[in-house]
Amino acid sequence: MASSAFSVARSCNSPSNVTKIRFGHHVKDEYYSIFGKVNFSSKICKRNLILTNVASKVPALAPTPIVPPKMDQETVDEFESKLAAWTSIRQERWEGELDVQGQIPLWLNGTYLRNGPGLWHLGEYNFRHLFDGYATLVRLTFENGRLVMGHRQIESDAYMAAKKNKKVCYREFSEVPKPDNFLSYIGDMAKLFSGASLTDNPNTGVVKLGDGRVVCLTETIKGSTIINPNTLETLGKFEFSDTLGGLIHSAHPIVTDDEFITLVPDLIKAGYLVVRMEAGSNERKVIGRVECRGGPSAGWVHSFPVTQHYIIVPEMPLRYCAQNLLKAEPTPLYKFQWHPQSKGFIHVMCKSSGKIVTSVEVPLFVTFHFINAYEEKDEDGRIISVIADCCEHNADTTILDKLRLQNLRKFSGQDVLPDARVGRFVIPLDGSPYGRLEAALKADEHGRGMDMCSINPSYLGKKYRYAYACGARRPCNFPNTLTKIDLVEKKAKNWHDEGSVPSEPFFVARPGATQEDDGVVISMISEKNGEGYALLLDGQTFEEIARAKFPYGLPYGLHGCWVPKN
Ligand SMILES: CC(=O)/C=C/C=C(C)/C=C/C1=C(C)CCCC1(C)C
Ligand SMILES: CC(/C=C/C=O)=C\C=C\C=O
Ligand SMILES: [Fe+2]
């Protein structure tokens, strides 16, 4: 095999301590999908890359190509011009030390884990939506200024069955297994209602529970999967020990050292159970229940925020749709339907009593991600309102369609990313029936792109000043900047690398820090030439402090967590 990005990974298994590979020409490359290898011509990096093999500390792992490939020339050509972000991961797993340019702060000791849908191929069949891909977990382990990267596929039942049968076997975000005949169609319907056919592909996020267990998540409850943060090995299902049932939950629980809070939508009698699980336990207990005020079904709840005393339950007019759930082919809004006439609402529940403190009608909104929320007090210290911030897509549902892989892969220079903003809900607690929704700062500050946010976790539920997210440098078809939002000055600092796609900026505070933005921001970048690197920005200046090239570009990832060195 010719020298290639792939061979870099393999070279790391060589017994020598340092593998130096010269790039700079077109080579015949081998692409490994989960279905095995395919040859295609690839243009790769015009510079030297030194990868240190730290076999003595972290053994680099052999690639594990799995099932024979089938790719027509058109698909192969498409890969050539595409960012690794929207391209399936090359192999099942890899790990090794990266060469660092710049300085990783010596206080940064621990592992950043990032999860996401990294594999979108099944033999000849290509998934169509970003959210369908089989989960790829990536780790960046920082230790004394050094950095080790590893990635590994999560061995969900859905992934293992797809690998074995070379077809979709479970209901994913948009794709549904094709019934072999009418009898199996009837059986599939029964399995849908029991939840047996829903995917357990945990491709959305990863959280560290208060008791140290690390769990990968998606919106199906059965997807909750325990992994080993050091080896990325799939350890087994996280089973809730209670009898609350439910098929789906929010993809983004609120997780602290003490508890795990989430929302369980009721798809029959429109509402949400608000549940809490203590650290160390597997038992969810009900805090309370919210009845939806709009109809005909519960609003999609990908995430929700909390304040110190309240749980904020959004009822988005983009609602789960039973008919769309049953359809074999994806609809324009997938499993959801837009119901502007049903209005949007925000419900505020008291965390300790489960009572609804207020429930207000708000302007129509579309959001995946809440950023944070906090309580506003008057001069006497009485709570008068709740502020809840989110990445808001101007009540435009077309963003879901923009996340189809076909749209992500074809950027022709046209500015097609719909506008988004930091949507700020102001929810009065004086019994007024309406809440406000406004932009927290001018959206031009961040190029009118806004998603994939994080904050300093110590400010969860508290008045905060800074948010980190992906914004836009236009024209673009996907958020392509890292942006630091200052909610007090109403300004943004933007980082951009032309043609690249950065993943969610993740803030890690410096131990002992007293300022909110004292720390670093971690992101993984997909470059337009198919390569990629880990990036570290200073939390305060938002300037680059270090980067480390990956052996090959990684697929786009969604959400992550920080596991400090114990
Ligand atoms: C990756 C991401 O952000 C969201 C993933 C969402 C998924 C996998 C949702 C799956 C679902 C089903 C399989 C059936 C029920 C509805 C719904 C929760 C959308
Ligand atoms: C990638 C994404 C949502 C991910 C959910 O977990 C949203 C991107 C929005 C672009 O503006
Ligand atoms: Fe998300």
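In what follows, the accompanying structure is described. (Residues numbered from 1 in each chain as written. Chains lettered and ligands numbered in written order. Predicted model: local features only at pLDDT ≥ 70, side-chain atom pairs only at ≥ 80, totals over all residues. Heavy atoms only, no water.)

Right, let's talk about the sheet that holds strand β26 (residues 383-392) for a bit. With antiparallel pairing, 4 strands are arranged side by side in an open sheet as β25-β26-β27-β28. Edge strands, defined here as strands with exactly one partner in the open sheet, are β25 (367-377) and β28 (436-439). For this sheet, the mean angle separating the axes of adjacent strands, direction not counted, is 25 degrees. Across 4 bridges, the pairing between strand β27 (residues 421-428) and β28 is antiparallel. Its bridge partner lying in β28, Phe 425 is registered against Leu 437. (Pairing = 2+ DSSP bridges. Helix = DSSP H or I, 4+ residues; strand = E, 2+ residues; numbered from the N terminus. Axes fitted to C-alpha atoms, helices over the stretch in contact; angles between N-to-C directions.)

Note on metal geometry: ideal angles are 109.5 degrees for four donors arranged tetrahedrally and 90 or 180 degrees for six donors arranged octahedrally. Looking at the iron ion (ligand 3), the protein donor atoms are His 252 (NE2), His 302 (NE2), His 369 (NE2) and His 559 (NE2), and they sit 2.1 Å from it. Of note, the donors binding the iron ion (ligand 3) are all from one chain and are spaced H-x49-H-x66-H-x189-H. One end of the pair, His 302, is in the loop between β19 (284-291) and β20 (310-315); the other, His 369, is in strand β25, and 67 residues separate them in sequence. The exposure classification of His 302 matches that of His 369, with both residues buried. (Donors = N, O, S within 2.8 Å, 3.2 Å for Na, K, Ca; no water. Buried < 20%, exposed > 50% of the residue type's maximum accessible area, 1.4 Å probe, protein only.)

Glancing now at the pattern of salt bridges. Across all of its chains, the model carries 37 salt bridges by this definition. A salt bridge links Lys 237 to Asp 157, with the nearest nitrogen and oxygen atoms 3.3 Å apart. Within this pair, whereas Lys 237 is found in strand β15 (residues 234-237), its partner Asp 157 is found in helix α3 (residues 157-165), the two being separated by 80 residues in sequence. For Asp 157, a relative accessible area of 40% corresponds to the partly exposed category. (Salt bridge = Lys/Arg side-chain N within 4 Å of Asp/Glu carboxyl O.)

What follows is about the site of ligand 1. Contacts to ligand 1 come from 16 residues, most closely from Arg 171, Asn 203, Thr 204, Thr 218 and His 302. About the coverage of ligand 1: the protein hides 98% of its 490 Å² of free accessible area. Split by residue class, the shell around ligand 1 holds 7 nonpolar, 5 polar and 4 charged. (Near = heavy atom within 4 Å. Areas by Shrake-Rupley, 256 points an atom, 1.4 Å probe, with all protein chains shown as cover. Nonpolar A, V, L, I, M, F, W, Y, C, P; charged D, E, K, R; others polar.)

In the region of ligand 2, 13 residues are neighbours, and His 302, His 369, His 393, Pro 479 and His 559 sit closest. A distance of 3.3 Å is found between an oxygen atom of ligand 2 and a side-chain nitrogen or oxygen belonging to His 369. Contact with the protein chains removes 99% of the 350 Å² of surface that ligand 2 exposes when unbound. Mapped by element, the contributors of at least two residues to the shell around ligand 2 are β25 and β29 (451-454). Among the residues forming the shell around ligand 2, the class breakdown is 8 nonpolar, 4 polar and 1 charged. (Polar contact = N/O pair within 3.5 Å; in protein donor to acceptor, adjacent residues only side chain to side chain.)

What the 4 strands build is an open sheet, ordered β12-β13-β14-β15; its pairing is antiparallel. Only two strands of the sheet have a single partner each, and these edge strands are β12 (205-208) and β15. Here the average twist between neighbouring strands, direction ignored, is 30 degrees. Sheet topology places strand β13 (residues 214-217) next to strand β14 (residues 225-227); 3 bridges connect them, and they run antiparallel. The partner of Val 214 across the bridge, within β14, is Ile 227.

What follows covers the packing of aromatic side chains. Counting across every chain of the model gives 21 aromatic pairs. Consider the rings of Phe 173 and Phe 336, whose centres lie 6.3 Å apart with planes at 45 degrees: the pair is tilted. Of this pair, Phe 173 sits in the loop between α3 and α4 (182-194) while Phe 336 sits in strand β22 (residues 336-338); the two residues are 163 residues apart in sequence, bridging distant segments of the chain. By way of ring pairs, the aromatic residues Phe 131, Phe 173, Trp 300, Tyr 320, Tyr 334, Phe 336 and Phe 368 are connected into one cluster. Directly above the aromatic system of Phe 240 lies the positively charged group of Arg 284, at a separation of 4.3 Å from the ring centroid. (Phe/Tyr/Trp six-rings, centres within 6.5 Å; stacked < 30°, edge-to-face > 60°. Lys NZ or Arg CZ within 6 Å of the ring centre and 35° of its normal.)

Within the fold, Lys 549 resides in strand β37 (residues 544-549). A distance of 2.5 Å separates the side chain of Lys 549 from the side chain of Glu 531, its partner in a polar contact.

The subject of this paragraph is the layout of surface pockets. Taken as a whole, the largest pocket holds about 1,300 Å³ of empty space. Surrounding the largest pocket, 41 residues form its lining, Val 255, Ile 455, Pro 457, Phe 506 and Gly 560 being those nearest its centre. At the level of elements, β12, β16 (254-255), β25, β29, β34 (506-509) and β38 (560-564) are the ones that each hand at least two residues to the lining of the largest pocket. A per-class count over the lining of the largest pocket returns 26 nonpolar, 12 polar and 3 charged. (1 Å grid on protein atoms, 1.4 Å probe; cavity = no way out; pocket = protein on both sides within 12 Å on 5 of 7 lines; lining within 4 Å. Points joined across faces, edges and corners; volume = space filled by probe spheres on them.)

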